[in-house]
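Now for the letters of each chain:
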Amino acid sequence: MTELDQVINALFPDILRSVQESVRIPSVLGEPRQGKPFGEEIDRALCHALETARSLGLRTGNLGGYVGYAEYGEGPETVAVLGHLDVVPAGSGWTRPPFDAVLEGDRLYGRGTVDDKGPIIGALWILHCLDRCGIVPGRRIRVLLGTDEESGRRDMPRYLAEEKAPHCGFTPDGAFPVVNAEKGQLRLSLSRQLPEGDAVRLVAFEGGTVINAVPGEASATLASGAFSPERLIAALRATARKNGCEARISGTGSLVSLTVKGRSAHGSTPELGVNALPLLAGLLVETFPEEPWAPVLERTASLLLGDTEGRGLGIAAEDAPSGRLTCNAGLASLKNGHLSVSLDIRHPVTFDQEELFRAVEVRALEEGYAVSVLRKAPPLWIPEDAEPVGTLLRVYREQTREDARPLSMGGGTYAKSLPRTVAFGPRFPGCPDLAHQPDEYLIFEEYLRLLRIMGAAMVALSS
Ligand SMILES: [Zn+2]
C-alpha cells in the first residue's frame, strides 16, 4: 500500500461524511436565478463542494454558477478530473428516502451516491490527500465540478470559453477500465404527408416516450367510414392472432383504438429491444392493404422503424474500435395527416459525421421525407496508446491486476464535454449500473477502491 492509499484509508470516514452532506442536497435542475443558472439546489450543492474544498486547503474558483473547480499543484498545464453535482429526480420505486443519505451495513443509499457525487467529492478529498503526502505534481490537478450533466450540458462550454482546455483528463462518470470510444450521435426527425384513408381513416399513430429508448408500446386510432367499428375490430384481432402479436383493441363510438406491445431497451442498444412501432404498422398494413395510406406506412416501417442497423437508409456499417452503427426509431406521431419519426443514430467512431448525414438526407429526400436535425454530437475516440488512455489503462491494470481492455460505448458520457478526456470509472466490470435507478447506493469497499485508483491516476497523469 502506498502512503497515498494509507492517507485515503485514514480519511475514509470523513470522505463518506462529505458525500452524505452533498447527497442531502436534492440538486435536481430548477428555475434559473441570478448567478444560479440551474436553480437553488444545484447552486447549494456547488457551494457545499467549494466550501469543502476550501476547508481542505485547496484553491477554488466558481464560473458564474456554471462550473466550480478546486486545484492542487503548480504549472501551466492542468490535468482535469471532471464530475458533476446535479442529479436526476429521485423517481419512483425507492425503499429508502432518496435524499437522506442513509448508511446501512456496508452501503450508502441515496440519489447521486454513484452518479456522480461520491466520485467527484472523493476526488476533492484526494487532492487534499496528495497535499498531506507532500506529493508535488508536475501539472496542476483540477477537479471540475459540473452542474448540468444530466440536462443540457450547458456547463462545460462556459468553462472552455473562460479557461484554458486541460492537457488531458478523465471523468469518473462512466465505467472502468476506461472508455476510449464513444459513438457519434445523430438525432434526426423525418416527416412526410400520409395519404388520406378511403374506407378506413388513420386518425392517430404514435409511440415512444423519449428518443433514446426503444418504444415498448405503440398505439393507433382508426375512424371507420364504410365499415362498422365491430368489423374493423374483428379484422384487426384476426391479424393480431395470426401473427402472435400482443394487441389491445377496443372501440368507442365510430373510433377504434389499438395498442401493440414490444419491449423497451436503451436507444444505444436497440437490438436488445422489440420496437412496437413496426409491429403496429405491420398490423395496420396487413389488415387494410387497400387503403391509400397503407403503402406509405409500409415503406416507412421498412425504411425507418423496423431495422436497428440503418439498412433501410443505406447506412449500415461498422468499424473495429466501436462496432456497428445503430439506429433507433424512438418516437413517432401523426398530426394532421403528417407522419414524423425521430431517429437516434449512433455511428462508429471512425466515420465522418457530415458525410453520413448527407447520405441519410439524400436517401430520405428520394423517399419523400423532409429531414431536420435534432442533435449532432461527434464521436470520441482516443487510441489505446495515446494519452490519457495508455496511462489510465496502465494504472487500472496495476491497481486491479486485471488484464483490462478499453471499452467502447454507444452512449455519450460527460467526457465529450472536454477535449482529451475519457470516462474512467466509477463502475467496475460486472457490477450493476445503479445510476438513475431507485435505491442508488455505493458499497464502501468498491468506493475505497475507486478512490485509490483515482488517486494513482491523478499522480500518473500529472507527473
Ligand atoms: Zn453522471
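Throughout what follows, the structure given in this document is the object of discussion. (Residues numbered from 1 in each chain as written. Predicted model: local features only at pLDDT ≥ 70, side-chain atom pairs only at ≥ 80, totals over all residues. Heavy atoms only, no water.)

1. Points about the sheet that holds strand β5 (residues 107–109)
Backbone-to-backbone hydrogen bonds pair the strands of a sheet. The strands run either parallel or antiparallel.
Phase 1 of the analysis: With antiparallel pairing, 3 strands are arranged side by side in an open sheet as β4-β5-β24. Two strands close off the open sheet at either side, each with one partner strand: β4 (102–104) and β24 (441–443). Averaged over all neighbouring strand pairs, the angle between strand axes comes to 20 degrees, with direction disregarded.
Phase 2 of the analysis: Both β4 and β5 contribute to a ladder of 3 bridges, which runs antiparallel. In the sheet register, L103 faces β5, and the bridge partner there is L108.
Phase 3 of the analysis: In the packing of helix α3 (residues 113–132) onto the sheet, the strands contacted are β5 and β24, and the crossing angle to β24 comes to about 50 degrees.
Phase 4 of the analysis: In the packing of helix α10 (residues 444–462) onto the sheet, the strands contacted are β4, β5 and β24, and the crossing angle to β24 comes to about 75 degrees. (Pairing = 2+ DSSP bridges. Helix = DSSP H or I, 4+ residues; strand = E, 2+ residues; numbered from the N terminus. Axes fitted to C-alpha atoms, helices over the stretch in contact; angles between N-to-C directions. Contact = heavy atoms within 4.5 Å.)

2. A closer look at the packing of helix α1 (residues 3–23) against α10
Phase 1 of the analysis: Direction vectors running N to C along α1 and α10 enclose 120 degrees, while the axes themselves pass 10 Å from each other. Looking at the two axes, α1 sits oblique to α10. The hand of the α1/α10 crossing is right-handed. Contacts between α1 and α10 involve L4, D5, I8, N9, F12, I15, L16 and V19 from the former and F444, Y447, L448, L451, R452, G455, A456 and V459 from the latter.
Phase 2 of the analysis: Here the contact of α1 with α10 is composed, by residue class, of 12 nonpolar, 2 polar and 2 charged. (Parallel < 35°, antiparallel > 145°, perpendicular 65-115°, else oblique. Left-handed = near helix turned anticlockwise from the far one by under 90°. Nonpolar A, V, L, I, M, F, W, Y, C, P; charged D, E, K, R; others polar.)

3. Let's talk about the coordination of the zinc ion
Phase 1 of the analysis: The zinc ion binds to the protein through H84 (NE2), D115 (OD), D173 (OD) and D173 (OD); the donor distances cover 1.9 to 2.6 Å.
Phase 2 of the analysis: What the 4 donor atoms of the zinc ion show is an angle range of 53 to 143 degrees at the metal, which sorts the shape as irregular. (Donors = N, O, S within 2.8 Å, 3.2 Å for Na, K, Ca; no water. Tetrahedral: all angles 85-135°; square planar, octahedral: opposite > 155°, others 65-115°.)

4. With respect to the packing of aromatic side chains
Phase 1 of the analysis: Here the structure, examined in full by the defined rule, presents 9 aromatic pairs.
Phase 2 of the analysis: Considering the side-chain rings of F12 and Y447, the 5.9 Å spacing of their centres and the 50 degrees angle between planes classify their relative orientation as tilted. With F12 in helix α1 and Y447 in helix α10, this pair connects stretches of sequence that are 435 residues apart.
Phase 3 of the analysis: When the centroid spacing of 5.5 Å and the interplanar angle of 85 degrees are considered together, the rings of F38 and Y66 count as edge-to-face. On the criterion of sequence distance, the pair formed by F38 in the loop between α1 and α2 (40–55) and Y66 in the loop between β1 (59–63) and β2 (67–72) is long-range, its members being 28 residues apart.
Phase 4 of the analysis: Residue classification places F38 among the buried positions, given a relative accessible area of 4%.
Phase 5 of the analysis: An aromatic cluster is built from F170, F176, Y396, F424 and F428, whose rings are joined through pairwise contacts.
Phase 6 of the analysis: For R192, the ring lying beneath its charged end belongs to Y369, and the centroid distance is 5.7 Å.
Phase 7 of the analysis: The residue whose ring lies beneath K376 is F357, and the NZ or CZ to ring-centre distance is 4.3 Å. (Phe/Tyr/Trp six-rings, centres within 6.5 Å; stacked < 30°, edge-to-face > 60°. Buried < 20%, exposed > 50% of the residue type's maximum accessible area, 1.4 Å probe, protein only. Lys NZ or Arg CZ within 6 Å of the ring centre and 35° of its normal.)

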